Amino acid sequence: MGGGTAAKEHPVEYFCASTLAAVVNYPLWRASALGQSGFRVCLAGANPLVSNAASTFPALGPYFYAFSPPYKGMMATVMGMSWARAAIFYGSDRGKEVLESMGVSSTMSTVLPPLIVSTAVQCVNMPLVRATITLQNPESSVRNIRESLRQIHASHGLSGLWHGTSAGILKTVPKYVTAVVVKDYVGSALSPVDPTSPTKDRDTLINSAIKSSAAGVAGAVLTNPLDVIRNEMFKTNLGLTDAVKALHKELGWNFLVRGMSKNIVAVSIPVASTIFFTDAFIQYTNSRKEC
């Protein structure tokens, strides 16, 4: 990211881009969590306009609910996603720079940093991830993140806060490794921008949009089944193997694509927008320095 600019010079831009993407995409994440967890959406007490719209378009019910208040756990969710994505993308780009300077191959320099950083981030963030997803159950009386964490701890002990970490790592790590690899591959395959062109800024952003979109979609499609398994583990407190057996018994192999459409939207757009916003912020910062 950043059109060749060293990542170490722009940590603020990475975090700002990640935060903006998290804020914009919070409702989409909420809709995805509802769909993949199999939570039953009830709009009986919602705004009449929302209820009527959901009745007219029942397939869009989760989206109507996701965009409607109350937004339980929104601040914690946004902050959790912000630091996590910023750490993963900054760590991946900075790690690649460091490894390449040490003579490590391009392939290893691209794959190792997101593999290590995303694993660490997932482990640290897991209690918050579980609490925020559990909180989205429309039938739950839990009001906020603190209550959700307390409920999980009271019901399942301290280890319950990290329940689902195995599925989370299996889902998150491949997603971000795929996104970073695709981002770098597509970015290198695109025609380089002429630095003397009067449209260089626009051309740079177009290239960023292309590589960002490819990275986001690739990561979302690959990891949807693992998202479903992880969320089932959160909902039922089953282990990884038992959760897969329960899903297969209920839905057959169709569980692999449960919530796929929502997940493509909810995962690809945040990842793509994080990459794109980072490039845009870095480009803006560099243009100000040149003035």
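Values in this document were obtained by computation on a predicted structure and should not be read as measured data.

Chemist: Just to check I follow, could you spell out the overall build of the chain for this structure?
Modeler: Looking only at helices and strands, one finds 10 helices and zero strands in the chain. Beginning at the N terminus, the succession of helices and strands in the chain can be written as α-α-α-α-α-α-α-α-α-α. Counting over 291 residues, the chain shows a buried share of 47%. Within the chain, residue pairs in contact and separated by at least 24 positions form 78% of the contacts whose partners lie at least 6 positions apart. In the structure as shown, the chain presents an accessible area of about 13,700 Å², 66% of it carried by carbon and sulfur atoms.

Chemist: How should I be thinking about helix α8 (residues 200–236) in this particular structure?
Modeler: An α-helix turns once every 3.6 residues. As a result, residues three or four positions apart point the same way. Between its first and last C-alpha, α8 extends 52 Å over 37 residues, near the 54 Å set by a 1.5 Å rise per residue. Bending of α8 peaks at approximately 55° at the position of T223, with proline P225 no more than four residues after it. N237, located one to two residues past α8, shows a positive phi value of around 65°.

Chemist: Can you help me understand the pattern of salt bridges in this one?
Modeler: One side chain can pair with another of opposite charge once the charged atoms of both are near each other. All chains considered together, the criterion is met by eight salt bridges. The partner of R94 in a salt bridge is E97, and the shortest N-O contact between them spans 3.0 Å. Here E97 and R94 lie together in helix α4 (residues 74–101), a separation of three residues that amounts to about one turn. As a salt-bridge pair, D203 and R202 come within 3.6 Å of each other at their nearest N and O atoms.

Chemist: For this particular structure, what's the right way to read the packing of helix α5 (residues 106–135) against α8?
Modeler: When two helices pack together, their arrangement is given by the angle between the helix axes and the distance between those axes. Interaxial distance between α5 and α8 falls to 10 Å at its minimum, and their mutual angle equals 65°. Considering only the axes of α5 and α8, their crossing is right-handed. Seen from α5, the contacting residues are Q122, M126, V129, R130 and I133; seen from α8, they are R230, N231, M233 and F234. In terms of residue class, the contact of α5 with α8 is made up of five nonpolar, two polar and two charged.

Chemist: Got a minute to help me understand the packing of aromatic side chains in this structure?
Modeler: Any aromatic ring pair is given by two values, namely how distant the centres are and how the planes are angled relative to each other. All chains considered together, the criterion is met by five aromatic pairs. A ring pair is formed by Y14 and Y90, whose centres lie 5.3 Å apart and whose planes are at 80°; its orientation type is edge-to-face. A residue pair is termed long-range when its members are at least 10 positions apart, and Y14 in helix α1 (residues 11–37) and Y90 in helix α4 qualify at 76 residues. According to the relative accessible area criterion, Y14 is buried, its value standing at 2%.

Chemist: Looking at this structure, how should I read the side chain of R258?
Modeler: Summarising the element assignment, R258 is placed in the loop between α9 (240–251) and α10 (260–290). A distance of 3.3 Å separates the side chain of R258 from the side chain of E232, its partner in a polar contact.

Chemist: In this structure, what is going on with the confidence of the model for the chain? I would like to understand it.
Modeler: Regions with low pLDDT carry predicted coordinates that are not meant to be interpreted in detail. Of all residues in the chain, 86% have pLDDT values of 70 or greater, and the mean over the chain is 84. Averaged pLDDT values over the elements of the chain bottom out at 56 in helix α2 (residues 48–56) and peak at 93 in α4.

Chemist: Which parts of the structure should I look at to understand the environment of G219?
Modeler: Positionally, G219 belongs in helix α8. Residue G219 is classed as buried on the basis of its relative accessible area of 1%. Linking G219 and K171, residues 48 residues apart in sequence, is a C-alpha distance of 9.4 Å. Aside from chain neighbours lying at most four places away, what touches G219 is K175 and T178.

What counts and what doesn't
Residue indices follow the written sequence of each chain, beginning from 1 at its first position. In view of the model being predicted, local features appear only for residues whose pLDDT reaches at least 70, and side-chain atom pairs are presented and counted only at 80 or more, with totals across whole chains, interfaces and linings using the full set of residues. Water and hydrogen atoms were dropped before computing side-chain values, which therefore reflect all heavy atoms in the structure. Under the scheme used here, helices are H or I runs from DSSP no shorter than 4 residues and strands are E runs no shorter than 2 residues, and both carry numbers assigned from the N terminus. Only protein chains enter the accessibility calculation, which uses a 1.4 Å probe; a residue whose area is less than 20% of its type maximum is buried, one above 50% is exposed, and one in between is partly exposed. Contacts are assigned to residue pairs with any non-hydrogen atoms lying within 4.5 Å of each other. Shrake-Rupley sampling with a 1.4 Å probe provides the accessible areas, and residues are treated as covered by the protein chains on show and by no other component. Expected span, for any helix, means 1.5 Å times one less than how many residues it has. Bend, in this description, refers to the angle at a residue between axes fitted to the seven residues ending there and the seven starting there. When a carboxyl oxygen of Asp or Glu is within 4 Å of a side-chain nitrogen of Lys or Arg, the pair counts as a salt bridge. Simply put, an axis is a line fit to the C-alpha atoms, just over the touching stretch for a helix, and the angle between two N-to-C directions goes from 0 to 180 degrees. Each crossing gets its hand from how the near helix is turned against the far one by less than a right angle, where anticlockwise is left-handed and clockwise is right-handed. Following the grouping adopted for this structure description, the nonpolar residues are Ala, Val, Leu, Ile, Met, Phe, Trp, Tyr, Cys and Pro, the charged ones are Asp, Glu, Lys and Arg, and the polar ones are all others, Gly among them. Paired rings are identified among Phe, Tyr and Trp, the last through its six-membered ring, by centres lying within 6.5 Å, and are further divided according to the angle between planes into stacked (under 30 degrees), edge-to-face (over 60) and tilted (the rest). Two N or O atoms count as a polar contact when they lie within 3.5 Å, although within protein this holds only if one can serve as hydrogen donor and the other as acceptor, and sequence-adjacent residues are included solely when both atoms are side-chain atoms. A score from 0 to 100, pLDDT tells how confident the predictor is in each residue.

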